[in-house]
Number of protein chains: 2
Amino acid sequence: MSNQPAHPTLFIPGPIEFDDAVLQSMSHYSESHVGAPFVAVFGETLSMLRKLFQSTDPSSQPLVVSGSGTLGWDLVAANLAEPGDEVLVLHTGYFADSFADCFETYGVKPTQLKAKIGERPQLDEIEKALKEKKYKLITVTHVDTSTGVLSELQKLSEMVHRVSPETLVIVDGVCSVGCEEIEFDKWGLDAVITASQKAIGCPAGLSISYYSGKAIESFKARKTPPGSYFASFKNWLPIMQNYEAKKPSYFATPSPQLIHALHTSLTQILSIPLSERFAKHKAASQKIKQAVADLGLKQLASNPADQASGMTAIYLPENVKAAELLPSLVKKGVIFAGGLHKEIAAKYVRVGHMGVSVMGEGRGDVEKAIEALGVGLKEAGYQKA
Amino acid sequence: MSNQPAHPTLFIPGPIEFDDAVLQSMSHYSESHVGAPFVAVFGETLSMLRKLFQSTDPSSQPLVVSGSGTLGWDLVAANLAEPGDEVLVLHTGYFADSFADCFETYGVKPTQLKAKIGERPQLDEIEKALKEKKYKLITVTHVDTSTGVLSELQKLSEMVHRVSPETLVIVDGVCSVGCEEIEFDKWGLDAVITASQKAIGCPAGLSISYYSGKAIESFKARKTPPGSYFASFKNWLPIMQNYEAKKPSYFATPSPQLIHALHTSLTQILSIPLSERFAKHKAASQKIKQAVADLGLKQLASNPADQASGMTAIYLPENVKAAELLPSLVKKGVIFAGGLHKEIAAKYVRVGHMGVSVMGEGRGDVEKAIEALGVGLKEAGYQKA
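Computed from a prediction, not measured in an experiment: that's the story for all the values here.

> Please give an account of the overall build of chain A that cites residues and values.
Tallying secondary structure elements over chain A gives 13 helices and 14 strands in all. For chain A, whose C-alpha radius of gyration is 21 Å, the value lies close to the compact-globule estimate of 21 Å for 385 residues. By its C-alpha atoms, chain A is 60 × 55 × 35 Å across when sized along the principal axes. Contacts in chain A between residues at least 24 apart in sequence constitute 73% of all its contacts with a sequence separation of at least 6. Accessible surface, chain A: about 14,000 Å² in total, of which carbon and sulfur atoms supply 53%. Charge separation in chain A, taken as the distance between the mean sites of 38 positive and 41 negative side-chain charges, equals 2 Å.

> Lay out the UniProt feature "modified residue: N6-(pyridoxal phosphate)lysine" (unreviewed entry) in chain A with the relevant residues and their values.
Residues and elements named next belong to chain A. As annotated by UniProt and renumbered to match this structure, "modified residue: N6-(pyridoxal phosphate)lysine" (unreviewed entry) occupies Lys-198. Classification of Lys-198 by relative accessible area gives buried; the value is 6%. The residues touching Lys-198, leaving out its near neighbours within four places in the chain, are Pro-13, Gly-14, Ile-16, Thr-145, Val-174, Cys-175 and Met-354.

> Account for the relation of the copies chain B and chain A, with residues named and values stated.
Overlaying chain B on chain A yields an RMSD of 0.0 Å, the required transformation being a rotation through 180 degrees with an accompanying axial translation of 0.0 Å. Taken together, these values place the two copies in the relation of a two-fold axis. If distances are taken from each C-alpha of chain B to the rotation axis, the shortest is found for Gly-67 of chain B, at 2.2 Å. Same-surface contact between copies: 100% of interface residues of chain B are shared with the interface of chain A.

> Could you give me a rundown of the sheet that holds strand 8 (residues 168-172) of chain B, with the residues and numbers involved?
All names here are of chain B. In spatial order, the strands read 2-10-9-8-5-3-4; together these seven strands make up an open sheet with mixed pairing. Each edge of the open sheet carries a strand with a single partner, namely strand 2 (61-66) and strand 4 (109-114). Pairs of neighbouring strands in the sheet enclose a mean axial angle of 20 degrees, with direction left out of account.

> Summarise the side chain of Glu-244 of chain B; cite the residues concerned and give the values.
Residue and element names in this part refer to chain B. By secondary structure assignment, the location of Glu-244 is in helix 8 (residues 233-244). On the basis of relative accessibility, which here comes to 18%, the residue Glu-244 falls in the buried class. In this structure, Glu-244 is in contact with Gly-43, Leu-46, Ser-47, Arg-50 and Pro-62, ignoring residues within four places of it in sequence.

> Tell me what's going on with the nonpolar core, and back it up with residues and numbers.
Counting residues in each nonpolar core, the largest one holds 170 residues, and the members touching the most others are Leu-80 and Tyr-211 of chain A together with Leu-80 and Tyr-211 of chain B. Dropping the residues within four chain positions of it, Leu-80 of chain A is found in contact with Leu-75, Lys-136, Leu-137, Leu-168, Ile-170, Ala-191, Tyr-211, Ala-215, Ser-218, Phe-219, Arg-222 and Phe-233 of chain A.

> Break down the packing of aromatic side chains for me, citing the residues and quoting the values.
Residue and element names in this part refer to chain A. Tallied over the full model, the rule gives 36 aromatic pairs over all chains. Consider the rings of Trp-236 and Phe-251, whose centres lie 4.9 Å apart with planes at 90 degrees: the pair is edge-to-face. One end of the pair, Trp-236, is in helix 8 (residues 233-244); the other, Phe-251, is in the loop between helix 8 and helix 9 (256-269), with 15 residues separating them in the sequence. The class for Phe-251 is buried, based on a relative accessible area of 9%.

> Which residues make up the interface of chain B and chain A, and what values go with them?
It is common to give the size of an interface as the accessible area that goes away when the parts come together. Across the boundary between the two partners, chain B contributes 54 residues, which contact 54 residues of chain A. Carbon and sulfur atoms make up 65% of the area that chain B and chain A hide from each other, which totals about 3,900 Å². Of all residues in chain B, Tyr-29, Ser-30 and Tyr-229 of chain B bury the most surface against chain A, accounting for 18% of the area lost on that side. Counting across the chain B and chain A interface gives zero salt bridges. Run the count over chain B and chain A and you get 12 residue pairs in polar contact (both at pLDDT 80 or more). Counting residues per element, the ones that place at least two in the side of chain B that touches chain A are helix 1 (20-26), helix 3 (71-79), helix 4 (94-105) and helix 9 (256-269) of chain B. The dominant element in the side of chain B that touches chain A, judged by the number of residues it contributes, is helix 4 of chain B, at six residues.

> Describe the sheet that holds strand 13 (residues 337-338) of chain A, and please don't skip the residues or the numbers.
Whether parallel or antiparallel, the strands of a sheet pair through hydrogen bonds between backbone atoms. Residues and elements named next belong to chain A. Read from one edge of the open sheet, three strands run 11-14-13, paired in antiparallel fashion. On the outer flanks of this sheet lie strand 11 (311-315) and strand 13, each paired with one strand and no other. Sheet topology places strand 11 next to strand 14 (residues 348-352); five bridges connect them, and they run antiparallel. Along strand 14, the bridge assignment pairs Met-311 with Gly-352.

> Any details on the environment of Asp-97 of chain A? Residues and values, ideally.
All names here are of chain A. Considering the arrangement of structural elements, one finds Asp-97 in helix 4 (residues 94-105). Taking the C-alpha atoms as reference points, Asp-97 and Gln-112, separated by 15 residues in sequence, lie 8.1 Å from one another. Beyond its immediate sequence surroundings of up to four residues, Asp-97 is in contact with His-91, Gln-112, Lys-114 and Lys-342. Of note is the side chain of Asp-97, whose polar atom sits 3.3 Å from the side chain of Lys-114.

> Describe in detail the pattern of salt bridges, supporting the description with residues and values.
Residues and elements named next belong to chain A. A complete count under the given rule lists 28 salt bridges over all chains for this structure. Ionic pairing is found between Glu-127 and Lys-131, a salt bridge with its closest N-O pair at 2.8 Å. Note that Glu-127 and Lys-131 are positioned in helix 5 (residues 123-132) at a spacing of four residues, about one turn of the helix. The class of Lys-131 is exposed, set by a relative accessible area of 58%. In this structure, Lys-128 and Glu-132 form a salt bridge, with 3.5 Å as the shortest nitrogen-oxygen distance.

> Go over the UniProt feature "domain: Aminotransferase class V" (unreviewed entry) in chain A with me, naming the residues and quoting the values.
UniProt marks residues 28-342 of chain A with the feature "domain: Aminotransferase class V" (unreviewed entry), using the numbering shown here. The annotated region residues 28-342 of chain A carries 39% helix and 17% strand content, and the separation between its end C-alpha atoms amounts to 40 Å.

> Before we move on, can you summarise unusual backbone geometry with the specific residues and values?
The peptide bond linking Gly-14 of chain A to Pro-15 of chain A adopts the cis configuration, its omega dihedral lying at -5 degrees. Position of Pro-15 of chain A relative to the elements: it lies in the loop between strand 1 (9-10) and helix 1 (20-26). Even without glycine at this site, Gln-54 of chain B takes up a positive phi of about 50 degrees. Looking at the secondary structure, you find Gln-54 of chain B in the loop between helix 2 (36-52) and strand 2.

> Could you give an account of the side chain of Ser-249 of chain A, with specific residues and numbers?
Residues and elements named next belong to chain A. Structurally, the position occupied by Ser-249 is in the loop between helix 8 and helix 9. When its relative accessible area of 11% is taken as the criterion, Ser-249 is described as buried. A distance of 2.9 Å separates polar atoms of two side chains, one belonging to Ser-249 and the other to Asn-242. Those residues in contact with Ser-249 that sit more than four places away from it in its chain are Val-34, Pro-238, Ile-239, Asn-242 and Tyr-243.

> Can you explain helix 11 (residues 322-331) of chain B? Please cite residues and give values.
Residue and element names in this part refer to chain B. Those residues of helix 11 that fall on the buried side of the exposure criterion are Ala-322, Leu-325, Leu-326, Ser-328 and Leu-329. The buried residues of helix 11 occupy an angular sector of 165 degrees when projected down its axis, which confines them to one face. Seen from the open side of helix 11, the exposed residues pointing more than 90 degrees away from its buried face are Ala-323, Glu-324 and Lys-331. Close packing links the buried residues of helix 11 with strand 12 (334-335), strand 13 (337-338), strand 14 (348-352) and helix 13 (365-379). Gly-333 sits one or two positions beyond helix 11 and adopts a positive phi of about 90 degrees.

Scoring rules and cut-offs
- Residues numbered from 1 in each chain as written.
- Chains lettered and ligands numbered in written order.
- Predicted model: local features only at pLDDT ≥ 70, side-chain atom pairs only at ≥ 80, totals over all residues.
- Heavy atoms only, no water.
- Helix = DSSP H or I, 4+ residues; strand = E, 2+ residues; numbered from the N terminus.
- Rg over C-alpha atoms; globule rule 2.2 N^0.38 Å.
- Contact = heavy atoms within 4.5 Å.
- Areas by Shrake-Rupley, 256 points an atom, 1.4 Å probe, with all protein chains shown as cover.
- Lys, Arg positive; Asp, Glu negative; His and termini not counted.
- Charge placed at Lys NZ, Arg CZ, Asp CG, Glu CD.
- UniProt positions renumbered as here; feature names shortened; annotations may be inferred.
- Buried < 20%, exposed > 50% of the residue type's maximum accessible area, 1.4 Å probe, protein only.
- Least-squares fit on C-alpha atoms with pLDDT ≥ 70 in both.
- Pairing = 2+ DSSP bridges.
- Axes fitted to C-alpha atoms, helices over the stretch in contact; angles between N-to-C directions.
- Core = buried A, V, L, I, M, F, W, Y, C linked by side-chain atoms within 4.5 Å.
- Phe/Tyr/Trp six-rings, centres within 6.5 Å; stacked < 30°, edge-to-face > 60°.
- Buried area = accessible area lost by both parts, 1.4 Å probe.
- Salt bridge = Lys/Arg side-chain N within 4 Å of Asp/Glu carboxyl O.
- Polar contact = N/O pair within 3.5 Å; in protein donor to acceptor, adjacent residues only side chain to side chain.
- Arc of directions from axis to C-beta.

Now the structure itself:
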């Protein structure tokens, strides 16, 4: 189904397999970053991001900057909080620890609210924490790529607005944007940060983020200048506004090739209703999760309501080592990822199921992943009890 | 000479025209960023950068991070200086002002030593400045893309080491690495920051930099933590060391496609002696500069010794407007850039001559640029006095 050279199918939770047309866009001939043809493509890309976030509020702002997803943390920490500000970080795995580290770098004081591995902080605990202290913002990892735990955004955001209306609601959507439902305006979110290489389906190299008018106002009301230069809203906001208005503008040179690829992937994503895309990811996810259960294995996320649609984190049987299983799967033509949560890294594996592997008709990627996992475990000596 | 779709030839001082094989590498199929095949490619890429910088000192360190060239300023300001440190910024155009802004963002105190437009600060002035105050580091823009002024690095570095041996010598080489001679070890440089999309010949999206052992030691001796998270040496140094040792490692997801393209471009660059590459750039530059003189026009950089080899900034005749000339050149199939130095932006244009446009046999790019400029000026009513 693909014109790409034969290669093992990538089932890690990002980067994912990419569509042929997206990869083709990566080799676009060179253009001026301030010339009319590229400015139009970048402008359209920003406008399409509004649709991806189901946002129509003109005061909201998309941002696309060369960098990794990690840069999104700097964008939030250096612009939406000030040194000395208290922020509440909901912890569902590895990535909350890193986000907290990032806040500390900028003199912001994070308080982490942690759940057991595979679980998520509950609304009542979060409400209690919000009532104890004034927090500039709260962060939630929509899907923690280290655990596959899905957080609930809408009820969380409603509660934050009720209990602490000045607190900004910040979502780390690196492993969720493009495969999990997000209604930015309706849910009252203030920022979603993400990256290109997961469910958005464009090669790595772009930090993509989206901000509410309230978040932008909060930035403008800062008493101190932003703590970063490359990640400064002061430098980027006028550039993004100009590109979207199809006016050339310069702060730092964007990557025309990556923007072309993002334009292609967003055009594909928006060619069908988003609800259909999310439903297909959910169905593929259910199929994989059922296969995992049928093999007698457990997920890190034990509660079905907390399970991500774009990835699955699976505890290995006691006698199977990830360091042996993963290479044997590569020989079967599929690449899974090892564990990332430091306390239990060796005890589980992760499988991503996002983008073209789920949406591409007739590829059979999901079936291939399930088949390989079953055979790999059997060869490793595992038998369902 | 190229398999690319017909398009106007890009003669801006970056991004430049890219070779077919480099663009083809941009559409490489998706790989795991921690899988053995990609780790090997990234490791080789880092090793090739050592050769590009003509460096053999094992204590030096190459760094390749997703981002724009601008990110290099954050890497220097957040890691190699501490809040309150004094730094000396040599000014040859737009980019020194921005580097100074970046330092201020991180609480570092820049002093700018400015020259007239088209000139550069002289060694005796710089020596005097270094004797007046203790500077943590000195920065020099090797080629300022706004003016085409080339700075002299070797004598500068020798003087700094003699007069103020603790001061780190930092080079902004965004518009010079790959087309101007740089002998990192021999000249005693401590950092060169650059980007992928100019003379290195790889699409934009990578911040590339190189540090001496002394610079790394200076980082390790910091009294305060680095001022950036995404640009922190603490986060990146172990990752780069692991990749070069062909060990998987993770801080933020790199862009496998961009790294493949960089691997291809560096392989091409290193396939002939660097001296030959620099000589070809110099010859092409001379040809263009002679044509500019033959047209009766002047460069911003009036002294031949201060003229860059990879670009030329040309004052327009009084009756010719850049806003009219540049679109007329696009119709002739060539894209030049407008002025960028804010004081005189409308009065000049810039032409880049780097990479495949200079090195590619039989392309005729340089001749095409010269021809178009002559015809364009004539059509605009200009006649040599």
